[in-house]
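The residues making up each chain are set out below.
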Number of protein chains: 4
Amino acid sequence: MNRVVVPGEPIGRLSESWRHCVGTGRLNLALRADYQESLAMVQRDIGFRYIRGHGLLSDDMGLHRVSNGQVRYSFTYVDQVFDRFLELGLRPFVELGFMPTALASGDDTVFWWKGNITPPKDLDEWAALVRALLRHLIDRYGLDEVRTWPIEVWNEPNLVNFWKDADQEAYFRLYETTARTVKDVDAGLQVGGPAISPGSDEWWAPFADFVTRRDVPIDFVSRHAYTSGPAQHVPFGTYQTLTAPELLLEQFDAPRKHLAATALAGLPVHITEFNTSYRPDNPIHDTAYNAAYLAPVLTGGTELVDSYSYWTFCDVFEEENVPTSLFHGGFGLLTHRQVPKPTYHLYAFMARMGSHVLARGVDHLVCATDDGRVTVLAWQPVGGSDAPEAPERHEVRLSVPMTGPRAFVRRERVNEHDGNAFGAWRELGRPRSPDRRTIEVLRDCARPAVEHRSAAVEGGRVLLDLALSRHEVTFVELIPVEPEEHTGLDDRRLLGGSDERLVAEHER
Amino acid sequence: MNRVVVPGEPIGRLSESWRHCVGTGRLNLALRADYQESLAMVQRDIGFRYIRGHGLLSDDMGLHRVSNGQVRYSFTYVDQVFDRFLELGLRPFVELGFMPTALASGDDTVFWWKGNITPPKDLDEWAALVRALLRHLIDRYGLDEVRTWPIEVWNEPNLVNFWKDADQEAYFRLYETTARTVKDVDAGLQVGGPAISPGSDEWWAPFADFVTRRDVPIDFVSRHAYTSGPAQHVPFGTYQTLTAPELLLEQFDAPRKHLAATALAGLPVHITEFNTSYRPDNPIHDTAYNAAYLAPVLTGGTELVDSYSYWTFCDVFEEENVPTSLFHGGFGLLTHRQVPKPTYHLYAFMARMGSHVLARGVDHLVCATDDGRVTVLAWQPVGGSDAPEAPERHEVRLSVPMTGPRAFVRRERVNEHDGNAFGAWRELGRPRSPDRRTIEVLRDCARPAVEHRSAAVEGGRVLLDLALSRHEVTFVELIPVEPEEHTGLDDRRLLGGSDERLVAEHER
Amino acid sequence: MNRVVVPGEPIGRLSESWRHCVGTGRLNLALRADYQESLAMVQRDIGFRYIRGHGLLSDDMGLHRVSNGQVRYSFTYVDQVFDRFLELGLRPFVELGFMPTALASGDDTVFWWKGNITPPKDLDEWAALVRALLRHLIDRYGLDEVRTWPIEVWNEPNLVNFWKDADQEAYFRLYETTARTVKDVDAGLQVGGPAISPGSDEWWAPFADFVTRRDVPIDFVSRHAYTSGPAQHVPFGTYQTLTAPELLLEQFDAPRKHLAATALAGLPVHITEFNTSYRPDNPIHDTAYNAAYLAPVLTGGTELVDSYSYWTFCDVFEEENVPTSLFHGGFGLLTHRQVPKPTYHLYAFMARMGSHVLARGVDHLVCATDDGRVTVLAWQPVGGSDAPEAPERHEVRLSVPMTGPRAFVRRERVNEHDGNAFGAWRELGRPRSPDRRTIEVLRDCARPAVEHRSAAVEGGRVLLDLALSRHEVTFVELIPVEPEEHTGLDDRRLLGGSDERLVAEHER
Amino acid sequence: MNRVVVPGEPIGRLSESWRHCVGTGRLNLALRADYQESLAMVQRDIGFRYIRGHGLLSDDMGLHRVSNGQVRYSFTYVDQVFDRFLELGLRPFVELGFMPTALASGDDTVFWWKGNITPPKDLDEWAALVRALLRHLIDRYGLDEVRTWPIEVWNEPNLVNFWKDADQEAYFRLYETTARTVKDVDAGLQVGGPAISPGSDEWWAPFADFVTRRDVPIDFVSRHAYTSGPAQHVPFGTYQTLTAPELLLEQFDAPRKHLAATALAGLPVHITEFNTSYRPDNPIHDTAYNAAYLAPVLTGGTELVDSYSYWTFCDVFEEENVPTSLFHGGFGLLTHRQVPKPTYHLYAFMARMGSHVLARGVDHLVCATDDGRVTVLAWQPVGGSDAPEAPERHEVRLSVPMTGPRAFVRRERVNEHDGNAFGAWRELGRPRSPDRRTIEVLRDCARPAVEHRSAAVEGGRVLLDLALSRHEVTFVELIPVEPEEHTGLDDRRLLGGSDERLVAEHER
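Sequence order as written defines the numbering, with residues in each chain counted from 1. Naming scheme: in the order in which they are written, chains are lettered from A and ligands are numbered from 1. Since the coordinates come from a predicted model, pLDDT governs what is reported: local features require at least 70, and pairs of side-chain atoms require 80 or more to be given and counted, while whole-chain, interface and lining totals use all residues. Only heavy atoms go into the side-chain values, all of them from the structure, while hydrogens and water stay out.

- By the naming in an unreviewed UniProt entry, chain A goes by Xylan 1,4-beta-xylosidase and is assigned to Saccharothrix ecbatanensis.
- UniProt positions are given in the numbering used here, feature names are shortened, and annotations may be inferred rather than shown by experiment. According to its UniProt record, chain A has this under Sequence similarities (unreviewed entry): "Belongs to the glycosyl hydrolase 39 family."

Laid out in structure tokens, this is it:
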């Protein structure tokens, strides 16, 4: 295998589209303590910029209330949720949905918590609700702030589960009314759609045509991306096939292609949901494989779109009802009670890469930081279900530029054993509702394995030979070292000897 | 007005029945951050021992789950809730209800969150659920611990809102099956009922007869107590009349009277809910009047029953849907985001009384602490809606025993102005969804007013002349003081003078 | 008494010179937990920008170490202290002193902790130390950061206590060497002096002459200000006379006057220490009088100088040895264990004034905030020791501009009783080493008394009649109120009545 | 090598003498934030019961103060220190020393901070001080509490550094006066001595004789233990030889032997200081060797004495002046800013052993916990300086009893690379004053390496083959596992396959 010689000068900057946004369970869940603790941890280690979830307008948020015939727009919970997001450094990526029961034209719902998926019975009442909401947000958080919050109209209207009859015309009406209302409140607010699911690229042309023809405001477009096949249900779980990770990147790129010749060409594109499987009960999400699979997506998608939002940051999520087990195949980067999954580490590693890209490859990304460190993210390339099983071992060999006489090289590893709480949980007998002590054990086993050494810098280079285990994602940090001199220092004398018997490790 | 001469020796101990238990919104709400922050604050300042709420078995707790035809008893949320209670020094007062949809014989529900109120379609399946729950709790928390948790069967089965048709016979069947199942799991567990609402004393005789006749296990009896009249609804609120506070104490005492000649005589009696109004949208709960009204109940009920549980500790509560305003007439001692109401202070004052009762009166309770302090709780007596309006001022005059040459006398006042966040909120224009700054203002205005002075102890006595404002509840603490001598000390010299011009305040 | 009509438009901005800097006990004390907790509290409530204290170079900071004949500049403690300052939002106002023993030309010391006050035995060694320190700080914190830190050469060289023989010529030599060394490290660093004590204005001319003649770098000048007379010692305490507060402002203004005709005219002027008494054992610091005395200084000095630094933020201070009593006349705004003194509240009130000055008077300052609130700081004017005793009562009558139909008026009071922990401590018998419970009582008694009401705005005006008690400092905040309308709302119905009997307070 | 078959039944209980007490730098340092943070961490992970340090009576604690001729016993700092100890679950092991300057008969001092080592000039004044201190402690903490605090008279009076002329007769006088004073305050208080250093066993006979002859109260005896040879100084450091670890145990056992035939036989024996080297600047303390060396001492000393107190819990310690480097050979289990050293992990591992001893060996200790886990502490045996260098590898083979069908086996490793911050620090170029980022790297590298697996239990046994690296200390925990069954579970289907291709790791 040849050694990749990483250039000493940057070839570009690392865009932040990979952490521009993250997904969340319905917004009512944001009131929960477990959720908030998870989000604080995610923000400490990863630092997303926006957060998007369903259900802002659902009954359990209490936004549209009627009492003794009087309507009141009420923000008790919305304020609690958005206040907390902002405290944690996150801005809302506002998704308008589902329908308040009092405004709904029908009683079709999705999920056990009954999000109403029908169009408004009266578009004026809907517009009044949107207007009241936006005005309140501007009052509370300031116009400058709210202008930075994208407003997305509905979720996956191309699916009958999420929009009554997947009625395209009805969606366009909803979009138009909403977009005009948003701009009526303030022309600087940003509105977009159509938030379609994978496999619905046939919506792009009519959508572009509609908004162009009627001159409907639009500031960005959005869609979702998943690579899983049909659900194979078992009790309390689902298995699925997956296509190759490249297919995710293709889905990211689709809007630009489909809109290239339209008036919407050049608009910002947001992938407002993505993951391997779209099921919240597929254990693939809990595995090291998931991290290895997504590594080339996180590193490779940064230039394709303006954001791609991992669905979701934690397992506090109830679309397949209340989870019955700590690990249950949830979307989360974290389980309930903050046990990190391998994909959490992938994101945390990305957050520690510097902003200057030195090299990109099929199994690595190398960056430099402003203060002279060099970082490496390396992974074992994996395919989808049809690909051959990943081998036990994968080698990455690099020559990395470095200043100074020596470097401190620190490596963190996540694979089938290391940094793998799911593996430890299986070894513990898959306890569905572990006690505090066992959760501590899981957290401890969830830490990446750490290795470190001192390396000589020769000719401005450090050679890295990284042997990766199956499904491994590795992070390496090289810190330039200028040893401090100490007169009299002699590690051989630690045990009082004066001979040459004891030679310090680091001097070999 | 005569001065009450408080005896120097205790006349008894202050029972802890007043803080034995507190009520809470449905248990799913215990997952919320706002709820948990409120509960931590309540425990710091008041220190309840048990907590009781509805909905342990409701669908949103995810206890009874079915997937692909397989039943799973799942404790994901129950464990999170009970773990947290125990961390905060609270034990569950377990209320078994409402019915999991999968076990229900009908689809009648209560509240917007749809607690199912129908009997189980199969008593064996119900028993299996109860058994699984108890065994799990014993596994997780230990048998010794769970034996201290009272288990109450259902809630207010005498009301059609809470139990299909208020079917007494069906309740007795449920009670019997449940009680036998509980004792089957472990004979040391405690079970009881019938958790009836006010105005249903006709249930006592048949209940006693039923459990006696069929030899059904029973360890305690329970009922509720409220003194409000019919609801007069307005949009987003309710007004009601109230009877006199003595009627609450009568309700407390009713079970003992009704059961006196039965086999249940002598069983522990728990008032598992009480308050002035039974409506979660009656602003009376937010007032100083509410505190003054309940002062003789808290001080006067301690010997009548084993516990009386204030319904509820905080406004995170949704039985009248999501609250639309910070102050909305909720049951809570605290509003959302932890603004204390006057009744919160009443409880916090009680928590600071010593355990040795020196005197009880219609407008005062005087206690002594183990370390020599004397405490006074004083209040303006108020009647119900039919009583004349309370005057602007009420005098309490006491002669209090005290050791030492001097005493430090510290008083805290709660009335229509002081320690009254509701009053400040009205002055602020009743902001429904106040921003953080305004919440800080409210918290600040919620603090009781503080006064302090040095008093001479003469003949082992300090004279207290307490002038109370309208609806005031006052707490006074007397600390014996032994001044430390300082040679050279002369407060008159603070400004450098050597004359007699400046005389320190405290020496006057 | 006439009512002051406060203009509706600002007459200027409130400079931040009043909180530009604060004083501290010797820097070694900054390692203490009590100190750090106090500083965090001060920063939360007041928010100083810089902090200045003695002893950076003293032996207990371990900066200059010798072992087996080898010299090492060591930053173990300096880094801990400066890291913490920066975390708390404070920058060092670097005072270079006292002399490391190994560099000292003599063994004269000050204080029980033996700060060496002699000139360096070798100016080159001194320069080497200064150079090493500054280079380390630049390495660690960055050049841009360190360029914002003023560097002051020594402390009060005009006093024999602080500088061997108060040798002016020796000080000038030290200043010159230091200033040239500082600029040699980086020309953008700021250096200044001479940090003289009150009563030494005769130093200005020769100092200006010296630096001008020899073209010595200088970026700012500094001096101290106190208004106390000779110490009248008693065991563990000192009494002193005070001159009038105006004399403090005169001292602030002196450098500008004395330097007006010199080359130093126009340089920034920093009062690097000020207080009433210069003694750390004069109980005047603990009193409400101290706050009332300083109120016109804080409000009146803002335009005179670039900063005036209260000496000191907390009682963790050992210049008169280890304090023997919680209140002992220390300089601190806070006692040990964070009990606020009245002067703490004065500073906290100032921090809540808006930045737009509407009116200044002998007993008041009125400001407006960016969000439409109006703030008032009012005080009873007091004189020094020779002035007549302050009367029991002082009236401030204002007409204040306000928008909206109503205003929420909130007042906080500090005087001989309210917000006065020292008063409570005296009533408690002056416990020297109070237990935790008593400290809680003191903290509670240290809170300002709070009053609030709703006021009608008439003709864009609210009338304020403020009656102040003896030595009172009062803070008033007026918040514009736009009442939210509620259909059905009727406070008269709170107790269920439908008649006119109950009229809500706020509607009167 | 033979496999050790660990019995299924306990052979005894693990005494807590190993964590009964821990040493600390002088008590004034307990006021520091860094110190308190370290102590909190130590208590969380290890949980010592008592803490002992020098300097309670030294001037910097301000206990004995004189002002204007008046003496005041002052407890400002003592209270802060002891309050904090108790909050952290620690009781003072009170060492009475050094001499307040005002009471001293001479001016001989020890350390740069000048602890006065001379006898009191007046034994009555000394007795008055002791009496005042004890009465204050009893007032503040209660008699029951203070009776549990051992009171040790002075420190190492047999050394001229610590006691003027090492005058035995003078020490005996001091001991007698002190012991009688202690008992005079309360007969239930515990007093002891003579706190002698290693190499002074000739003191036992005269001490026993003296207290017996004069009937002086004594409740326990104390001495110190170290195994280092003469100091070989280099700049800012010391190297020394060490004898074998068995010699430490011999020193522990010496008092019992020497007192066997005296009236003091049977008294509790406390080793109030021990470590390898007695120098606070010997880097041996920072190494994995130190942990491996002490492993047989911690496990082997538990039955020899009532306590042996590691000197000291953290590097906040100034007996060799202010440390000039993060790692500097300090005694601490933790460096400044809480980087754990290998010996910290040894203690933390011990704290996780259960209380039922199953087996003890030259390289292992095996225990069982109350809840059915089995724990193993294993180490590579090492000798002193004269022993051959430890080999690269050491094998420990055990057969461990276990219930259930499977076990979860978790191992933590500390050796020359893993859990070894000192090693990482050397690789980082020995930065003396690392920035926050580097400290984070060191903390991360300080974590023990973690391994885990699922093991079959066969015949009630799990076989453990532990390969230890050089100087390794390993902790292993075996948790019995009862797998939870899941219908439909099939890890081979994770990627959607239905064939046998994917076999879950844990089923192999």
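## Here's the deal with the UniProt feature "active site" (unreviewed entry) in chain A
Residues and elements named next belong to chain A.
Alright, step 1. Under the UniProt annotation, the feature "active site" (unreviewed entry) is placed at E156.
Alright, step 2. Positionally, E156 belongs in the loop between β11 (150-153) and α5 (168-185).
Alright, step 3. Relative accessibility thresholds used throughout: buried, under 20% of the residue-type maximum; exposed, over 50%; partly exposed, between the two (1.4 Å probe, protein chains only). Under the relative-accessibility criterion, E156 is labelled buried at 6%.
Alright, step 4. Note on contacts: a residue pair qualifies if any of its non-hydrogen atoms lie within 4.5 Å across the two residues. Setting aside residues no more than four positions away along its own chain, E156 makes contact with F162, W163, A195, I196, S197, H224 and E273. Only DSSP runs of H or I reaching four residues or more are called helices, and only runs of E reaching two or more are called strands; each is numbered from the N terminus.

## Overview of the relation of the copies chain B and chain C
Alright, step 1. C-alpha atoms of residues with pLDDT of at least 70 in both copies form the basis for the least-squares superposition of the copies. For the match of chain B to chain C, the screw axis carries a shift of 0.0 Å, the RMSD comes to 0.0 Å, and the turn is 180°. Each copy turns onto its partner about a two-fold axis. By C-alpha distance to the rotation axis, the residue of chain B lying nearest is A449 of chain B, at 3.4 Å.
Alright, step 2. Comparing contact sets, 98% of the residues at the interface of chain B also lie at the interface in chain C, consistent with an isologous, same-surface contact.

## Notes on the interface of chain A and chain B
Alright, step 1. Each side of the interface is counted separately: chain A has 46 residues, and chain B has 46 residues.
Alright, step 2. Per-residue buried area on chain A facing chain B is highest for R65, R72 and F236 of chain A; these three make up 18% of the total on that side.
Alright, step 3. The salt bridge criterion pairs a side-chain nitrogen of Lys or Arg with a carboxyl oxygen of Asp or Glu, the two atoms within 4 Å. Our enumeration of links across chain A and chain B arrives at four salt bridges.
Alright, step 4. Where D83 of chain B meets R337 of chain A, a salt bridge forms, and the shortest distance between an N and an O atom there is 2.8 Å.
Alright, step 5. Here a polar contact is recorded for every N or O atom pair within 3.5 Å, except that within protein the pair must consist of a potential hydrogen donor and a potential acceptor, and residues adjacent in sequence are included only if both atoms are side-chain atoms. The interface formed by chain A and chain B holds 29 residue pairs in polar contact (both at pLDDT 80 or more) in total.
Alright, step 6. Secondary structure elements with two or more residues in the side of chain A that touches chain B: α1 (33-45), β5 (64-67), β6 (70-73), α2 (76-87), α3 (123-141) and β14 (232-234) of chain A. Buried area: the accessible area, evaluated with a 1.4 Å probe, that two parts lose upon being put together, summed over both parts.

## Here we look at the sheet that holds strand β25 (residues 473-481) of chain B
Alright, step 1. A strand pair is defined by DSSP finding two or more bridges across the two strands. If you trace the seven strands from one edge of the open sheet to the other, you get β2-β18-β19-β20-β25-β22-β23 (chain B), paired in antiparallel fashion. Across the chains shown, the open sheet's two edge strands, defined by having one partner strand only, are β2 (12-13) and β23 (449-456) of chain B.
Alright, step 2. Summarising the sheet, strand β20 (residues 374-379) of chain B and β25 of chain B pair through six bridges and their orientation is antiparallel. Following the sheet pairing, V376 of chain B is matched in β25 of chain B by V476 of chain B.
Alright, step 3. To obtain an axis, a line is fitted to C-alpha atoms, over the contacting stretch when the element is a helix, and the angle between two such axes runs from 0 to 180 degrees between their N-to-C directions. This element, helix α11 (residues 436-445) of chain C, spans β22 (406-414), β23 and β25 of chain B of the sheet and lies at about 55° to β22 of chain B.

## Observations concerning the packing of helix α3 (residues 123-141) of chain B against helix α5 (residues 168-185) of chain B
All names here are of chain B.
Alright, step 1. Between α3 and α5, the shortest axis-to-axis distance is 9 Å and the interhelical angle comes to 35°. Seen along the crossing, α3 lies across α5 with a hand that is right-handed. Contacts between α3 and α5 involve L123, W126, A127, V130, R131, L134, R135 and I138 from the first element and L174, T177, T178, T181, V182, D184 and V185 from the second.
Alright, step 2. Each residue belonging to the contact of α3 with α5 can be placed in one class, and the counts come to nine nonpolar, three polar and three charged. If you view the pair so one helix is near and one far, a crossing is left-handed when the near helix is turned anticlockwise from the far one by less than a right angle, and right-handed when it is turned clockwise. Side-chain classes are defined by residue name, with Ala, Val, Leu, Ile, Met, Phe, Trp, Tyr, Cys and Pro counting as nonpolar, Asp, Glu, Lys and Arg as charged, and the others, Gly among them, as polar.

## With respect to the state of the cysteines
Residues and elements named next belong to chain C.
Alright, step 1. Here, the term disulfide refers to a pair of cysteine sulfur atoms separated by no more than 2.5 Å. Inspection of the entire model under this criterion finds zero disulfides over all chains.
Alright, step 2. C314 takes part in no disulfide bond, and the closest cysteine sulfur to it belongs to C21, at a distance of 14 Å.
Alright, step 3. Here C314 falls in the buried class, since its relative accessible area comes to 1%.

## Section: the interface of chain B and chain C
Put simply, an interface is often sized by how much accessible area is lost when its parts join up.
Alright, step 1. With 64 residues of chain B at the contact, the number on the chain C side is 64 residues.
Alright, step 2. Taking both partners together, chain B and chain C bury about 5700 Å²; carbon and sulfur atoms supply 51% of that area.
Alright, step 3. Along the contact surface separating chain B from chain C lie nine salt bridges.
Alright, step 4. When the shortest N-O distance is used, the salt bridge between R410 of chain B and D444 of chain C registers 2.1 Å.
Alright, step 5. For the pair chain B and chain C, the number of links is 22 residue pairs in polar contact (both at pLDDT 80 or more).
Alright, step 6. Every element with two or more residues in the side of chain B that touches chain C is listed here: β14 (232-234), β22, α10 (421-427), α11 (436-445), β23 and β25 of chain B.
Alright, step 7. Counting residues per element, the side of chain B that touches chain C draws most heavily on β23 of chain B, at five residues.

## Side note on the packing of aromatic side chains
Alright, step 1. The rule is short: rings of Phe, Tyr and Trp, with Trp giving its six-membered ring, pair when the centres are within 6.5 Å, and they are stacked under 30 degrees, edge-to-face over 60, tilted in between. Enumeration over the complete set of coordinates arrives at 146 aromatic pairs over all chains.
Alright, step 2. Measuring from ring centre to ring centre gives 4.8 Å for F252 of chain A and Y308 of chain A, while their planes differ by 50°; the resulting arrangement is tilted. You can see F252 of chain A sitting in helix α7 (residues 246-259) and its partner Y308 of chain A sitting in strand β17 (residues 307-310), a full 56 residues away along the chain.
Alright, step 3. By relative accessible area, which is 0% here, Y308 of chain A ends up buried.
Alright, step 4. Taking the ring centre of F236 of chain A as reference, the NZ or CZ of R72 of chain B above it sits at 4.2 Å. Two thresholds decide whether a charge sits over a ring: the Lys NZ or Arg CZ must be within 6 Å of the ring centre and within 35 degrees of the ring normal.

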